[in-house]
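# Architecture at a glance
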Amino acid sequence: MSLHSHEALVEMSLALFALSPPERVHPYVLPTLGLATDGARKYALLTPRCQINLEGLLQMAGETLSLRFRLVTVWKNLACAIADGLTFLHRQGIAHAALHPGNVLLDEQMRPRLADYGPSMCRLRATYARVIASNPAVRSPERRSPVRRRASSAAASATSGVITARSNLLYLSPESLALVGTAQVWSAGCALDLASDIWALGCLVVRLATLKPLYYKERPAMLAALAHVRICISSGAWRPAAQLVGEAFLPMGLLELVEQCTSLMPAERPSSAKAHLGLVRLLEEASELSSDSSLRRDDLWLRRYDYDVSMRPLRDAYRAVALTTPAPVPFSELKRRRHSMVALRAVAAREAAGQARQISA
């Protein structure tokens, strides 16, 4: 953020604040509370704290059976909430412009919160992309520690400008893929491209429904050149809806909804409100078929934001996994340990040299 002037950052913060002020904040959109600075060149946007993003949760579910089981039962609730937040942004004429699991944060109750959205984020990405293009060594991953690289891999993919086939490139629409590598990839027009958000929403629904990496059926081909991956997605050779074929226990109508959201023609994609309504219907049908469901159709959708009712089992499963997973060692502690190890080795080397001199004497 320090690449911008103080006045420009204040303007961006006010624009983000205007999208979701406290008096009408949306429960599934992360609000901007303010701008913090040390008075020099360090800046940070102030937002409510979220402990994990959806990408991190999906990765944990791939390694933990209990968490995976809970996601299987509540993924439709997550999808409805994400679509609801996206509809809120679209009603204000603003596209998210970078919708993928890394930009869906989860609060303490495991409710999804859309982050890094709107024109201000596009401006930050555009500036960063220009800097990276002119000097790739400015924020080269090799210059950061392994711990920091792992901790920030999901968040950095949204703002780095260096888009790879293993990050948010797979969630970009075909029309956006054509701009990858150009100065227009994060232009102001991205903040108005609502149709591209619908494509990303369809891809995200596929990721949640299958709990497998997007385009997992084409994963062996992911080692190909970036241009090849882009051509396969843009031409329709790789289809997000095709990842649902053969998957068991998926609701009826999901394949049709994803096909509509990921149409190669932007004009044929539904609005976010229609996509949200389609996901709501899928959840209603699932609650009707489930005899032991804690959700009743009579009162499930009477209130606008009632998607987090069944998030409690997911929250409890995540907390159980988080408590048994050792926390990553801070970079400062790793640095201290490394210096200590170097000092111990130096002492041992001096002692060995002294003993060798005594023996020779």
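Here's what I pulled together on the structure shown here. Sequence order as written defines the numbering, with residues in each chain counted from 1. Restriction of local features to residues with pLDDT of at least 70 applies here, the model being predicted, together with a cutoff of 80 or more for giving and counting side-chain atom pairs; totals for whole chains, interfaces and linings are based on all residues. As a rule here, side-chain values come from all non-hydrogen atoms in the structure, and water together with hydrogens is ignored.

Put simply, DSSP H or I for four residues or longer makes a helix, DSSP E for two residues or longer makes a strand, and each gets a number counted from the N terminus. Note on placement: arginine 269 falls in the loop between helix H9 (254–261) and helix H10 (272–289). Three labels apply to residues, based on accessible area from a 1.4 Å probe with only protein chains included: buried if under 20% of the type maximum, exposed if over 50%, partly exposed otherwise in between. With a relative accessible area of 7%, arginine 269 lands in the buried category. Between the alpha carbons of arginine 269 and tryptophan 199 there is a distance of 7.8 Å; along the sequence they are 70 residues apart. Between two residues, a contact is recorded if the distance between any of their heavy atoms is within 4.5 Å. Those residues within four positions of arginine 269 in sequence are excluded, and the remaining contacts are Ser173, Pro174, Glu175, Ala195, Ser196, Ile198, Trp199, Gln260, Cys261, Ser263 and Leu264. Engagement of the side chain of arginine 269 in a polar contact is seen with the backbone oxygen of alanine 195, the distance being 3.0 Å. Any pair of N or O atoms that falls within 3.5 Å is considered a polar contact. Within protein, one atom must be able to donate a hydrogen and the other to accept it, and sequence-neighbouring residues count only if both atoms are side-chain atoms.

The next subject is helix H2 (residues 54–61). Along H2, 7 of the 8 residues are buried, which leaves the element largely enclosed by surrounding structure. Those residues of H2 that sit buried are Leu54, Glu55, Gly56, Leu57, Leu58, Met60 and Ala61. For H2, the elements touching its buried residues are strand S3 (52–53), helix H3 (65–91), strand S4 (104–106), helix H7 (194–210) and helix H12 (311–324). The N-cap residue of H2 is asparagine 53: its side-chain oxygen and the backbone nitrogen of glutamate 55 are 3.3 Å apart.

If you look at the biggest cluster of nonpolar residues, it comprises 72 residues, and the most contacted ones within it are Leu57, Leu67, Leu208 and Leu314. Broken down by element, this core gets its largest block of residues, 12 residues, from H3. If sequence neighbours within four positions are ignored, leucine 314 has contacts with Leu57, Leu67, Arg70, Leu71, Val74, Leu78 and Met110. Within the second largest apolar cluster, 5 residues are counted, among which are Ala98, Ala129, Val185 and Trp186. For the purposes of this section, nonpolar cores are sets of buried Ala, Val, Leu, Ile, Met, Phe, Trp, Tyr and Cys residues that join through side-chain atoms within 4.5 Å.

No statement about biological role is implied by the geometric values presented.
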